[in-house]
Amino acid sequence: GEDVEQSLFLSVREGDSSVINCTYTDSSSTYLYWYKQEPGAGLQLLTYIFSNMDMKQDQRLTVLLNKKDKHLSLRIADTQTGDSAIYFCAEITGRRALTFGSGTRLQVQP
Amino acid sequence: EPEVTQTPSHQVTQMGQEVILRCVPISNHLYFYWYRQILGQKVEFLVSFYNNEISEKSEIFDDQFSVERPDGSNFTLKIRSTKLEDSAMYFCASSLSGVQRNEQFFGPGTRLTVL
C-alpha cells in the first residue's frame with residue numbers, strides 16, 4: 001500500500017537553507033509533489049518531480065529524488081519568513097488520488 | 001487568478017444531522033475531488049468526480065457520503081448522518097484533466113465540527 005512519512009517540525013534562521021525530507025513506500029509512484037499550506041489557506045502546489053528524474057530545480061526550490069531509497073527532499077535556498085508554513089509531500093500512482101505525508105511545519109526565525 | 005472556493009468556512013452540527021459542504025471549482029476544470037484532514041492526521045483522499053459520476057473513491061467514502069454537481073458551478077459533499085469521527089477539515093480540489101501530472105488546485109477548506 002501507499003504510505004508517505006515526514007518529520008513534523010523544522011526550524012531555520014532567515015537566509016539559511018531548509019531541507020524537508022520525505023519517504024514513501026510505493027515504488028510504482030509516477031509523480032511526487034510538494035505542497036505548501038499557509039494558515040487559513042488551501043494546499044498550494046509548489047513543485048513536482050517525475051519518477052525518472054533525480055533532481056529538479058525551480059528558482060529557490062530544489063527537489064531531489066532517490067528512488068532506490070524511496071526518499072524525496074525539498075531544499076529551499078535563502079529561506080525567508082514568508083516561507084513559514086506546513087509543507088506536504090504527496091505521491092500519485094495509478095490513480096489520480098494524492099496520498100499525502102503528515103506535513104512538516106517550517107518555522108523561519110528572523 | 002482563478003481559485004477554488006468553499007463554503008462555509010466552519011460548520012458546526014449535531015451528531016446524526018445531515019450536512020452539505022459546498023465547493024465552487026475553477027470554471028474550466030473537469031475533475032473534482034474531496035479530501036479530508038482529521039486534526040493531527042494526514043490529508044486523506046475521499047473521492048474524485050468526472051463527467052457527472054464518481055471516478056474513484058477511498059474506503060472512507062462509504063454510504064454515508066455522496067457527491068453531486070447540482071449545476072454548472074457547484075460541487076457538493078453530503079454527509080447523511082454525521083458521526084463524531086466525521087469532525088475534520090474537508091478540502092475540495094479541481095484539476096483541468098485527470099492526467100497524473102495535472103495540478104490539483106485546492107480550496108481553503110471547511111472545518112466540520114460534529115458535537
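Above this text you will find the structure in question.
First, a word on what this report is: a plain description of the structure on this page. These figures come from a predicted structure and were not determined experimentally.

## Observations concerning the pairing of strand S4 (residues 31–37) of chain A
All names here are of chain A.
Then comes step 1: Of all seven residues making up S4, seven are buried, and the element is well covered by its neighbours.
Then comes step 2: Side chains of S4 alternate between two faces, with Tyr31, Tyr33, Tyr35 and Gln37 and Leu32, Trp34 and Lys36 buried alike.
Then comes step 3: Across seven bridges, the pairing between S4 and strand S5 (residues 43–50) is antiparallel. The partner of Tyr33 across the bridge, within S5, is Tyr48.
Then comes step 4: Connecting the antiparallel pair S4 and S5 is a turn made up of five residues, with Gly40 showing a positive phi of about 75°.
Then comes step 5: Of the strand pairs in this sheet, S4 and strand S9 (residues 85–92) are connected by seven bridges, and their pairing is antiparallel. The residue of S9 that forms the bridge with Tyr35 is Phe88.

## What about unusual backbone geometry?
Then comes step 1: B:Thr7 connects to B:Pro8 through a cis peptide bond whose omega is -10°.
Then comes step 2: Assignment of secondary structure puts B:Pro8 in the loop between strand S1 (5–7) and strand S2 (10–13).
Then comes step 3: We note that A:Lys70 has phi near 55°; this positive angle belongs to a residue other than glycine.
Then comes step 4: Here A:Lys70 is to be found in the loop between strand S7 (61–66) and strand S8 (71–76).
Then comes step 5: With relative accessibility at 23%, the residue A:Lys70 sits in the partly exposed group.
Then comes step 6: Not every positive phi belongs to a glycine, and B:Asn52 is a case in point at roughly 65°.
Then comes step 7: With respect to the helices and strands, B:Asn52 occurs in the loop between strand S5 (43–50) and strand S6 (53–57).

## So, the packing of aromatic side chains
Each pair of aromatic rings is reported with the distance of its centres and the angle of its planes.
Then comes step 1: Tallied over the full model, the rule gives 18 aromatic pairs over all chains.
Then comes step 2: Aromatic pair A:Phe88 and A:Phe100: ring centres 6.1 Å apart, planes at 90°, arrangement edge-to-face. Pair noted here: A:Phe88 is in strand S9 and A:Phe100 is in strand S10 (residues 99–100), with a separation of twelve residues, a long-range link. Residues A:Phe88 and A:Phe100 agree in their burial class; the two are buried.
Then comes step 3: On the numbers, 5.3 Å between centres and 40° between planes, the contact of B:Phe49 with B:Phe75 is tilted. On the criterion of sequence distance, the pair formed by B:Phe49 in strand S5 and B:Phe75 in strand S8 (residues 75–79) is long-range, its members being 26 residues apart.
Then comes step 4: Judged by its relative accessible area of 4%, B:Phe49 falls in the buried class.
Then comes step 5: For B:Phe75, a relative accessible area of 0% translates into the label buried.
Then comes step 6: Three or more aromatic residues joined by ring pairs make a cluster, and in this case those are A:Tyr31, A:Tyr33, A:Tyr35, A:Tyr48, A:Phe50, A:Phe88, A:Phe100, B:Tyr33, B:Tyr35, B:Phe45 and B:Phe106.
Then comes step 7: If you follow A:Lys56 out to its NZ or CZ, it ends over the ring of A:Tyr48, 3.8 Å from the centre.

Definitions and cut-offs
Residues numbered from 1 in each chain as written. Chains lettered and ligands numbered in written order. Predicted model: local features only at pLDDT ≥ 70, side-chain atom pairs only at ≥ 80, totals over all residues. Heavy atoms only, no water. Buried < 20%, exposed > 50% of the residue type's maximum accessible area, 1.4 Å probe, protein only. Helix = DSSP H or I, 4+ residues; strand = E, 2+ residues; numbered from the N terminus. Pairing = 2+ DSSP bridges. Phe/Tyr/Trp six-rings, centres within 6.5 Å; stacked < 30°, edge-to-face > 60°. Lys NZ or Arg CZ within 6 Å of the ring centre and 35° of its normal.

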